[in-house]
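# Topology and contacts: notes
The residues making up each chain are set out below.
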Amino acid sequence: MSGNQTQATIQYGDGEKADRPLGRSIKRGMLNQCPSCGSGKLFRSYLKVVDNCAACGEDYHHHRADDLPAYLVILILGHILVGGFMATDLVFVLPAWVHFAIWAPIGVVMSLLCLQPIKGGVVGLQWALRMHGFGGHDEQPDAFGDSRD
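Residues numbered from 1 in each chain as written. Predicted model: local features only at pLDDT ≥ 70, side-chain atom pairs only at ≥ 80, totals over all residues. Heavy atoms only, no water.

### A few points about the overall build of the protein chain
Rule in force here: Each helix is a run of H or I in the DSSP string that is no shorter than four residues. Each strand is a run of E no shorter than two, and both are numbered from the N terminus. Each residue's exposure class comes from its accessible area (1.4 Å probe, protein chains only) as a fraction of the maximum for that residue type: buried when under 20%, exposed when over 50%, partly exposed otherwise. Contacts between residues were defined by any pair of non-hydrogen atoms, one from each residue, lying within 4.5 Å. Accessible surface is estimated by sampling points in the Shrake-Rupley manner with a 1.4 Å probe; for residues, cover comes only from the protein chains shown.
Across its full length, the protein chain carries 3 helices and 0 strands. For the protein chain, the succession of helices and strands along the chain, N to C, is α-α-α. For the protein chain, the proportion of its 149 residues judged to be buried stands at 27%. Counting contacts in the protein chain only where the partners sit at least 6 residues apart, residues at least 24 apart contribute 55% of the total. Carbon and sulfur atoms make up 60% of the accessible area of the protein chain, which totals about 10600 Å².

Below, the structure is given as structure tokens:
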């Protein structure tokens with residue numbers, strides 16, 4: 001090989017599969033943007049995902065975020081709230097009702113603020129990994145038929 005020649009990357013397989021970067025897809029989902037194009041809205045209301053992107057037409061009606069966003073919110077905020085409670089209790093000795101008056105509203109508000117971006121990130125993750133219908137194929141199991149036919 002001479003110094004001015006470059007090797008071209010050759011990719012075999014399905015040519016219609018576009019690159020779906022994981023980090024970019026999750027970030028777009030967390031910003032309420034379509035993971036595919038980045039310009040359409042992902043949610044039509046607080047937690048209702050649009051059926052189709054208005055800009056690129058990507059289908060989102062088959063996403064299955066299920067309970068993962070709620071589990072992630074509980075995991076993240078549980079650590080933040082318990083850590084904050086313990087740090088506050090080390091500095092100020094307060095009665096239990098004061099801690100409850102401080103940390104319960106903070107927990108409710110923070111969970112409501114975090115739930116939509118985390119759900120958008122989960123939908124972006126599913127889109128990037130081609131999960132639950134985002135891969136362009138039907139995920140229904142094949143029916144078992146009589147092999148003697």
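### Digging into the side chain of Ser25
Selection rule: Think of a polar contact as two N or O atoms within 3.5 Å of one another; within protein, one of them needs to be a possible hydrogen donor and the other a possible acceptor, and neighboring residues in sequence only count if both atoms come from side chains.
Summarising the element assignment, Ser25 is placed in helix 1 (residues 22-30). At 2.7 Å, the side chain of Ser25 forms a polar contact with the backbone oxygen of Pro21. Excluding anything up to four places from it in sequence, Ser25 contacts Arg20, Pro35, Gly124, Trp127 and Ala128.

### Thoughts on the UniProt feature "transmembrane region" (unreviewed entry) in the protein chain
Put simply, the rule reads: UniProt positions are given in the numbering used here, feature names are shortened, and annotations may be inferred rather than shown by experiment.
UniProt feature "transmembrane region" (unreviewed entry): in the numbering of this structure it lies at residues 68-88 and 94-115. The distance from the first to the last C-alpha atom of residues 68-88 is 30 Å, and the span holds 100% helix and 0% strand. Annotation note: span residues 94-115, helix share 91%, strand share 0%, distance between end C-alpha atoms 30 Å.

### Comments concerning the pattern of salt bridges
We count it as follows: Salt bridges are identified by distance alone: a Lys or Arg side-chain nitrogen within 4 Å of an Asp or Glu carboxyl oxygen.
Under the definition given, this model contains 2 salt bridges. The closest approach of N and O atoms between Arg44 and Asp51, which form a salt bridge, is 3.7 Å. On the accessibility criterion, Arg44 (53% relative accessible area) is exposed. Accessibility expressed as a relative area gives 44% for Asp51, which makes it partly exposed.

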